Every structure is written in C-alpha cells, then in structure tokens.
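Here is how the chains run, residue by residue.
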Amino acid sequence: LSEKEFLVDGGFSLADVAVASYLLYVPQFFKDIDLSRWPNIVRYMKQCASREFYGKAFGPAVQQYLVQALDQMGGEKKKLFGMF
C-alpha cells in the first residue's frame with residue numbers, strides 16, 4: 001500500500017471490501033490502539049471507511065467514529081527524541 005491506493009490495480013475492489021472490513025473492526029473494538037506506525041495502512045483504512053456505501057452498510061455513527069479515530073492516528077509523524 002505504500003505505492004498503491006487499493007489492493008488490486010484498477011481501483012477499489014471486492015478484495016478491499018474483504019480486507020478493510022476486518023481491519024476496520026480493530027479501532028472499533030480496541031479503542032486505545034494506535035496504528036500510526038503504519039501510515040499507509042491508516043490511510044487505506046480511512047479511504048475505505050470514508051466511502052459512501054461503508055456508511056450505508058455500517059451506519060453513519062460508526063463511519064464518523066472511524067474516520068475521526070483514523071484522522072488522529074494518521075497525523076504528523078512523531079520524531080525520535082523530538083529531533084529526528
């Protein structure tokens with residue numbers, strides 16, 4: 001995912017539905033998890049959760065919670081010792 005937007009060339013596919021649905025359970029059930037060390041995964045999860053039909057399938061409250069949680073994880077990278 002460092003060089004691709006979705007799992008399969010050509011855009012969003014059934015593979016993304018299958019994988020993202022499992023990945024997006026993690027922040028729902030483990031609220032204190034921090035995935036920021038995997039920025040490409042966080043970006044991917046946010047892109048999938050932001051899709052119109054994700055909100056229709058899981059509800060707007062779940063969608064909004066996930067997008068906000070992933071926004072917080074995908075912020076600025078932390079620097080080692082505040083310098084590197």
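Residues numbered from 1 in each chain as written. Predicted model: local features only at pLDDT ≥ 70, side-chain atom pairs only at ≥ 80, totals over all residues. Heavy atoms only, no water.

With respect to the packing of helix α3 (residues 39–49) against helix α5 (residues 60–73)
Packed helix pairs are specified by the crossing angle of their axes together with the interaxial distance, meaning the distance between the axes. Stated formally: Every angle, taken between N-to-C directions, lies between 0 and 180 degrees, and every axis is a line fitted to C-alpha atoms, over only the stretch in contact when it is a helix. Each helix corresponds to a stretch of at least 4 residues labelled H or I by DSSP, and each strand to a stretch of at least 2 residues labelled E; elements are numbered beginning at the N terminus. Roughly parallel refers to an angle under 35 degrees, roughly antiparallel to one over 145, roughly perpendicular to one between 65 and 115, and oblique to any angle outside these ranges. Two helices crossing with the near one rotated counterclockwise from the far one by less than a right angle form a left-handed crossing, whereas a clockwise rotation gives a right-handed crossing. Whether two residues touch is decided by their heavy atoms; if any such pair falls within 4.5 Å, the residues are in contact.
Closest axis-to-axis distance for the α3/α5 pair is 9 Å, and the angle between their directions is 160°. The angle between α3 and α5 falls in the class roughly antiparallel. Along this stretch, α3 crosses α5, giving a crossing that reads as left-handed. Between α3 and α5, the contacting residues are Val42, Met45, Lys46 and Ala49 on the first element and Gln63, Leu66, Val67, Leu70, Asp71 and Met73 on the second.

Observations concerning the nonpolar core
Counted only if it meets this: Only buried residues count toward a nonpolar core. Its members are Ala, Val, Leu, Ile, Met, Phe, Trp, Tyr and Cys residues joined through side-chain atoms within 4.5 Å. Think of it in three bands: residues with accessible area under 20% of the maximum for their type are buried, residues over 50% are exposed, and the middle band is partly exposed, with areas taken using a 1.4 Å probe on protein chains only.
Counting 15 residues, the largest nonpolar core has Leu24, Cys48, Ala49, Leu70 and Met73 as the members making the most contacts within it. Every element with two or more residues in this core is listed here: α3 and α5. If sequence neighbours within four positions are ignored, Cys48 has contacts with Phe6, Phe12, Ala20, Leu24 and Tyr54.

Some points on α3
Defined as follows: This arc corresponds to the set of directions leading from the helix axis out to the C-beta atoms.
Those residues of α3 not exposed but buried are Val42, Tyr44, Met45, Cys48 and Ala49. Down the axis of α3, the buried side of the element spans an arc of 165°, and every buried residue falls inside it. Among the structural elements, α1 (14–23), α2 (25–29), α4 (52–58) and α5 are those in contact with the buried residues of α3.

Here's the deal with the packing of aromatic side chains
How we decide: Between 30 and 60 degrees the pair is tilted, below 30 it is stacked and above 60 it is edge-to-face, where a pair is any two Phe, Tyr or Trp rings, Trp via its six-membered ring, whose centres lie within 6.5 Å.
Taken as a whole, this structure holds four aromatic pairs when the rule is applied. Both rings, one in Phe6 and one in Phe12, keep their centres 5.5 Å apart while their planes meet at 80°; by these two values the pair is edge-to-face. Since its relative accessible area comes to 10%, Phe6 is described here as buried. Centroid distance Phe6 to Tyr44: 6.5 Å. Interplanar angle 70°. Geometry classified as edge-to-face. Residue Phe6 is located in the segment before α1, and its partner Tyr44 is located in helix α3; the two are separated by 38 residues in the primary sequence. Both residues of the pair, Phe6 and Tyr44, count as buried. Clustering of aromatic rings is evident, with ring pairs tying together Phe6, Phe12 and Tyr44.

A short note on the side chain of Gln28
You can see Gln28 is positioned in helix α2. Judged by relative accessible area, Gln28 falls into the buried class, the value being 16%. Leaving out residues up to four positions away in the same chain, Gln28 has contacts with Tyr54, Val62, Tyr65 and Leu66.

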